Amino acid sequence: MQRIGVFVCHCGTNIAGTVDVKAVAEALGREPSVVTSVDYQYMCSESGQNLIKDAIRDYKLTGVVVCSCSPRMHENTFRKAAAAAGLNPYMVEIANIREQCSWIHKDVAEATEKAIILGRAAIAKVQLNAPLVAGESPVIKRALVIGGGIAGIQTALDIADAGFEVDIVEKQPTIGGKMTQLDKTFPTLDCAACILTPKMVECAQNELINIYSYSEVDAVSGFVGNFSVKIRKKARYVDETKCTGCGLCTEKCPQKKVPNEFNLGMDNRRAVYIPFAQAVPKVATIDADYCTMLKTGKCGVCSKVCTAGAINYKQTDEIVERQYGAIVVATGFNPIKVDKYDEYAYGQSKDVITSLEFERLTNAAGPTSGKLLRPSDGKHPHKIVFIQCVGSRCTPEKGKSYCSKICCMYTAKHAMLTREKYPDTEVYVFYIDVRTPGKNFDEFYRRATEEYGVHYIKGMVGKVSPKADGTLEVQASDLIMNEQLRIDADLVVLAAAIEPDKSARPLATMLTASMDTNDFFTEAHPKLRPVESPTAGIFLSGACQGPKDIPETVSQAGAAAAKVIGLLAKNKLTCNPCVAHSDELLCNGCSQCANVCPYGAITYIEKEFVMPDRSKKIRRVASVNPAVCQGCGACTVTCPSGAMDLHGFSNRQIMAEVDAICK
Amino acid sequence: MENKTGMKEQILRMSGAAVQKCMRCGKCSGTCPSYDEMEYHPHEFVYMVEKGDVEKLLKSESVYKCLTCFACVERCPRGVEPAKVIEAVRLEAIREQGRNHLKPDQIPELLDEETPGQLLMMALRKYAK
Ligand SMILES: Cc1cc2nc3c(=O)[nH]c(=O)nc-3n(C[C@H](O)[C@H](O)[C@H](O)COP(=O)(O)OP(=O)(O)OC[C@H]3O[C@@H](n4cnc5c(N)ncnc54)[C@H](O)[C@@H]3O)c2cc1C
Ligand code: SF4
Ligand code: SF4
Ligand code: SF4
Ligand code: SF4
């Protein structure tokens, strides 16, 4: 027979305003096994907790029911209080009479009656509670960072700085991400390469950081503190350990007509290439789609010129399996494809470009060596029109529903830099509204108009029409003047919306990490846990979580690292004891539970049983890994034999609650 | 005021357009080939109908300047369908005239053998209700 104490909280007027708390305490005091039942203003306060602790000692309580707010709020508080008074913390149950009662009802009599019923159900459950002991699992002191953009780089550097090993998996031949393609960066206009390259080099030189470039994650298993990850090192047909990065092969390769993705296809590279001079690792990669040797077996020039003997046409993908305590997702973003917006004529004219292409056209290492020239005829443009919000802030049919956040600022940057370098060029920016919150951001944008004479026009471009003389007629509305404009531009730049990398969705599935409808990774709490995924041990860094500029990316990267360090600093993790277990005598080995388990916690074992006639029999039964099980309960409702049950939420307990409610 | 909202609701119902989704970007007006002919432009139609400010639109020649080319509908990033709003205002203007000038039972006496069928249809459409 249990000895149960009931504690009814007023939560100020949050509960007491709608529920007659005294009546609830009184009614629940009459329930079987209840030896004390009291109410108090704030149960979660120090003195409220002391009330519970004292009662546990004075009445020798074996179970506690707190009628208060949602267990998400204070279950832990009350469990800790119980443990401090010597009671097993899992003998505490919460009846949620705030979110599920006082907040949603108006009528006091009704709300009070419901609160009593909810309390009764909790008492019925506690009657069947058994003390549970949380297990422990070890923490592997190494982190994995997926994606080697500025986000992944900063997270890896910060984790390594705390003394932990980090691996970076980057799918491109080099780390660096989008920032390697940028020219100067707002709001301070420092050159992207100048601030990024040192960090890339630091990653390569840090003994605790290991870079898997040109690699992808193939499979993930395990759980927080103990993930096992299969990494596919894609064949680059160059032995990374031998290649010195001299680049001789990339000069001699006769296959010269390969679109250069680093310059967004605006020039060509060879079939064997190093993306750019500061690449890390500085190792050549052979593009199998274009290499004549790999396609026809004839050529082999690169292998002949390579003095290091690094070329290996027989290389195949290699799978490495490594263990990690924590995983950070830093897979970043890409600009969307803009060809579907016919009205902007992106597919029709070479002189309609995206903002990222504009970055390459102004970058000294770009296809024009930094001279701003029209892609069509290589002439200097005298009139440029920038169009903001292309594909952002749309209905789902038209594009992305969100504001891409970075384009107002980089467009101001592009406009300003153009006017600074080419004062003879007229610059127009069409905007819906200019969004520049951020330190020194609005000042930056104001400089574009006030100091550099950029024409900002409130209104959207309706149509861009390529004309016979090679100019582009831009037809737009000026909402302030209430007139329609026609501008003959030499170059049109589209500030394309950004979206998460296409590989993010399959990766999220592998990690059982959740995403929003736009495929951005979801944080555990939008305000209070912004760098953690709801899945334990998975952390988020950079633009994979939402549109972000570099300053924001770097702060989030550091925050994610701090969370990882906090985890890796622990030797052991306390597990949740409310996990599933199978009754082996009832289990018939049907596999249905394993099929529904979202965490892969269930396996099958062959076990010897002694039958009633004393004969021995080997049977296949389900076995739950308590460290992996998250206690979701999917298996318990699926099991046709009723063999699966959850500790702390057993079928009997749930039924007892239902009975109490229906009484 | 009541009449004002009544008219607005009527136009919204007829057009099926979601004027409240408009973000005032002006792309419809940036697109419109009839822009210079109009006193009120596509984005103004959307905004004024949303505000219930329909009288001015009904009286304006602009309702007849729209070519119903649907370029604005095609390009509006928010799926507002300005041309359908204009179409509905136009229909409303025609109906208003019906109320003020002709009654349905006046139509037969105006007909003669030469009246083309199409005109008959127009007459019914314009003067119905
Ligand atoms: C035109 C333009 C101009 C900009 N100008 C500025 C500016 O002036 N100032 C500023 O602050 N910001 C600017 N930005 C924003 C800036 O680029 C981003 O804030 C920054 O790049 C975000 O970094 P990230 O690491 O999160 O993403 P990314 O830079 O996209 O890096 C992600 C990395 O992850 C890799 N990856 C993706 N998926 C996988 C996978 N499945 N497995 C392994 N690797 C993967 C990618 O290859 C990439 O290397 C600009 C952006 C654009 C488009
Ligand atoms: S940041 Fe500016 S340009 Fe980009 S989507 Fe938002 S409002 Fe439009
Ligand atoms: S409770 Fe959920 S997580 Fe645990 S074994 Fe069952 S299905 Fe898997
Ligand atoms: S294009 Fe659409 S959203 Fe933009 S002003 Fe016109 S109706 Fe409004
Ligand atoms: S449908 Fe009418 S309002 Fe819309 S773009 Fe065509 S002419 Fe202009």
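Everything numeric here is computed off the predicted structure, so don't read it as measured data.

A.B. asks: For the overall build of chain A, give the residues involved together with the corresponding values.
C.D. replies: Within chain A, the secondary structure is distributed over 18 helices and 34 strands. With the C-alpha coordinates aligned to their principal axes, the bounding extent of chain A is approximately 90 × 70 × 40 Å. A buried classification covers 53% of the 663 residues belonging to chain A. Within chain A, contacts between residues at least 6 apart in sequence are counted, and of these 68% link residues at least 24 apart. A total accessible area of about 29,700 Å² is found for chain A, and carbon and sulfur atoms account for 52% of it. If you average the places of the 76 positive and of the 73 negative side-chain charges in chain A, the two averages end up 4 Å apart.

A.B. asks: Please give an account of the overall build of chain B that cites residues and values.
C.D. replies: Looking only at helices and strands, chain B features nine helices and zero strands. When the helices and strands of chain B are placed in sequence order, the string is α-α-α-α-α-α-α-α-α. Scored against the burial criterion, the 129 residues of chain B give a buried share of 47%. On chain B, roughly 7,400 Å² of surface is accessible, and the fraction owed to carbon and sulfur atoms is 52%.

A.B. asks: Requested: an account of the pattern of salt bridges, with residues and values cited.
C.D. replies: Residues and elements named next belong to chain A. This model, assessed by the stated rule, comprises 37 salt bridges over all chains. For Asp218, the salt bridge goes to Arg232, with nearest N and O atoms at 2.8 Å. Here the residue Asp218 occupies a position in strand β11 (residues 215-223), and Arg232 occupies one in strand β12 (residues 226-233), the gap between them amounting to 14 residues. A single network of salt bridges, built from pairs that share partners, joins Arg142, Glu165, Asp167 and Arg322.

A.B. asks: Got a sec to walk through the sheet that holds strand β6 (residues 142-146) of chain A? Specific residues and values, please.
C.D. replies: Residues and elements named next belong to chain A. Spatially, the five strands line up as an open sheet ordered β10-β7-β6-β18-β29, and their pairing is parallel. For this open sheet the edge positions go to β10 (209-212) and β29 (538-540), each flanked by a neighbour on one side alone. When strand polarity is set aside, the average angle formed by the axes of neighbouring strands in this sheet is 20 degrees. Pairing of strand β18 (residues 326-329) with β29 involves three bridges; the strand directions are parallel. Residue pairing across strands places Val329 opposite Leu540, the latter belonging to β29. Across the sheet, helix α15 (residues 550-568) lies against β6, β18 and β29, angled at about 160 degrees from β29, the strand it touches most.

A.B. asks: If you had to explain unusual backbone geometry to someone new, which residues and values would you point to?
C.D. replies: Residue and element names in this part refer to chain A. With an omega of -5 degrees, the peptide bond running from Phe186 to Pro187 counts as cis. Mapped onto the elements, Pro187 comes out in the loop between β8 (184-185) and β9 (190-191). Along the chain, Val280 connects to Pro281 via a cis peptide bond; the corresponding omega equals 0 degrees. The backbone of Leu189 shows a phi angle near 60 degrees, a positive value even though the residue is not glycine. Assignment of secondary structure puts Leu189 in the loop between β8 and β9.

A.B. asks: Kindly report on the packing of helix α6 (residues 150-161) of chain A against α15(A), identifying the contributing residues and their values.
C.D. replies: Residues and elements named next belong to chain A. Interhelical geometry of α6 versus α15 gives an angle of 40 degrees and a closest axis separation of 8 Å. By crossing handedness, the relation of α6 to α15 is classed as right-handed. Seen from α6, the contacting residues are Ile150, Ala151, Gln154, Thr155, Asp158 and Ile159; seen from α15, they are Ile550, Thr553, Val554, Ala557, Gly558, Ala560, Ala561, Val564 and Ile565. Per-class residue counts for the contact of α6 with α15 are 10 nonpolar, four polar and one charged.

A.B. asks: Outline the site of ligand 4, listing residues and values.
C.D. replies: Around ligand 4 lies a shell of 14 residues, among which Cys22(B), Cys25(B), Gly26(B), Cys28(B) and Cys76(B) are the nearest. Those elements giving two or more residues to the shell around ligand 4 turn out to be α2 (27-31) and α3 (42-51) of chain B.

A.B. asks: Give a detailed account of the confidence of the model for chain B, specifying residues and quantitative values.
C.D. replies: Per-residue confidence for chain B averages 84 on the pLDDT scale, and 78% of its residues sit at or above 70. No element of chain B has a lower mean pLDDT than helix α9 (residues 117-127) of chain B, which averages 57, and none a higher one than α2(B), which averages 98.

A.B. asks: Account for the state of the cysteines, with residues named and values stated.
C.D. replies: Every disulfide links exactly two cysteines, by a covalent bond between their sulfur atoms. Residue and element names in this part refer to chain A. Using the criterion set out here, one finds one disulfide over all chains in the structure. Note on cysteine connectivity: Cys191 is disulfide-linked to Cys194, with sulfurs 2.2 Å apart. Because the torsion about its S-S bond is 95 degrees, the bridge between Cys191 and Cys194 counts as right-handed. The exposure class assigned to Cys191 is partly exposed, which follows from its relative accessible area of 25%. On the accessibility criterion, Cys194 (51% relative accessible area) is exposed. In this model Cys593 remains outside any disulfide bridge; the closest cysteine sulfur is found in Cys590, 6.2 Å from its own. Overall, Cys593 belongs to the buried group, its relative accessible area being 6%.

A.B. asks: Tell me about the interface of chain B and chain A, and name the residues and values.
C.D. replies: The partner chain A presents 20 residues to the 22 residues of chain B that form the contact. With both chains or domains summed, chain B and chain A bury close to 1,600 Å², and 48% of this area falls on carbon and sulfur atoms. Put simply, chain B and chain A have one salt bridge between them. One can count 17 residue pairs in polar contact (both at pLDDT 80 or more) joining chain B with chain A. When residues of the side of chain B that touches chain A are traced back to their parent elements, those giving at least two are α2, α3 and α6 (71-75) of chain B. For the side of chain B that touches chain A, the element with the most residues is α2(B), which contributes four residues. Taken together, the residues of the side of chain B that touches chain A break down into seven nonpolar, seven polar and eight charged.

Rules used throughout
Along each chain, residues carry numbers from 1 onward, in the same order as the chain's sequence is written. Each chain gets a letter, beginning with A, and each ligand a number, beginning with 1, in the order they are written. Totals for whole chains, interfaces and linings use all residues, but because this is a predicted model, local features are given only for residues with pLDDT of at least 70 and pairs of side-chain atoms are given and counted only at 80 or more. Think of the side-chain values as coming from all heavy atoms in the structure, minus any hydrogens and water. Secondary structure elements are defined from DSSP: runs of H or I of at least 4 residues count as helices, runs of E of at least 2 residues count as strands, and each element is numbered from the N terminus. Using a 1.4 Å probe on the protein chains alone, a residue whose accessible area is under 20% of its type maximum counts as buried, one over 50% counts as exposed, and one in between counts as partly exposed. Residue contacts follow a heavy-atom distance rule, with two residues in contact if any of their heavy atoms lie within 4.5 Å. The accessible surface values rely on the Shrake-Rupley method and a 1.4 Å probe; as for residues, cover is taken only from the protein chains in view. Positive charges come from Lys and Arg, negative ones from Asp and Glu, while His and the chain ends are left out of the count. Note that the charge is assigned to NZ on lysines, CZ on arginines, CG on aspartates and CD on glutamates. We define a salt bridge as a side-chain nitrogen of Lys or Arg found within 4 Å of a carboxyl oxygen belonging to Asp or Glu. Between any two strands, pairing holds if DSSP finds at least two bridges. Axes here refer to lines fitted to C-alpha atoms; in helices the fit is confined to the stretch in contact. Angles between the N-to-C directions go from 0 to 180 degrees. Handedness of a crossing follows from how the near helix is turned relative to the far one, being left-handed for an anticlockwise turn of less than a right angle and right-handed for a clockwise one. Charged residues are taken to be Asp, Glu, Lys and Arg, nonpolar residues to be Ala, Val, Leu, Ile, Met, Phe, Trp, Tyr, Cys and Pro, and polar residues to be all remaining types, Gly included. Proximity is defined per residue: any heavy atom of the residue falling within 4 Å of a molecule or strand makes that residue near it. The predictor rates its confidence in each residue with pLDDT, a number between 0 and 100. Cysteine sulfur atoms are paired as a disulfide whenever they come within 2.5 Å of each other. Throughout, buried area stands for the accessible area (probe radius 1.4 Å) lost by two parts on being put together, summed over both. Residues adjacent in sequence count toward polar contacts only when both atoms are side-chain atoms; beyond that, a polar contact is any pair of N or O atoms within 3.5 Å, and within protein one must be able to donate a hydrogen and the other to accept it.

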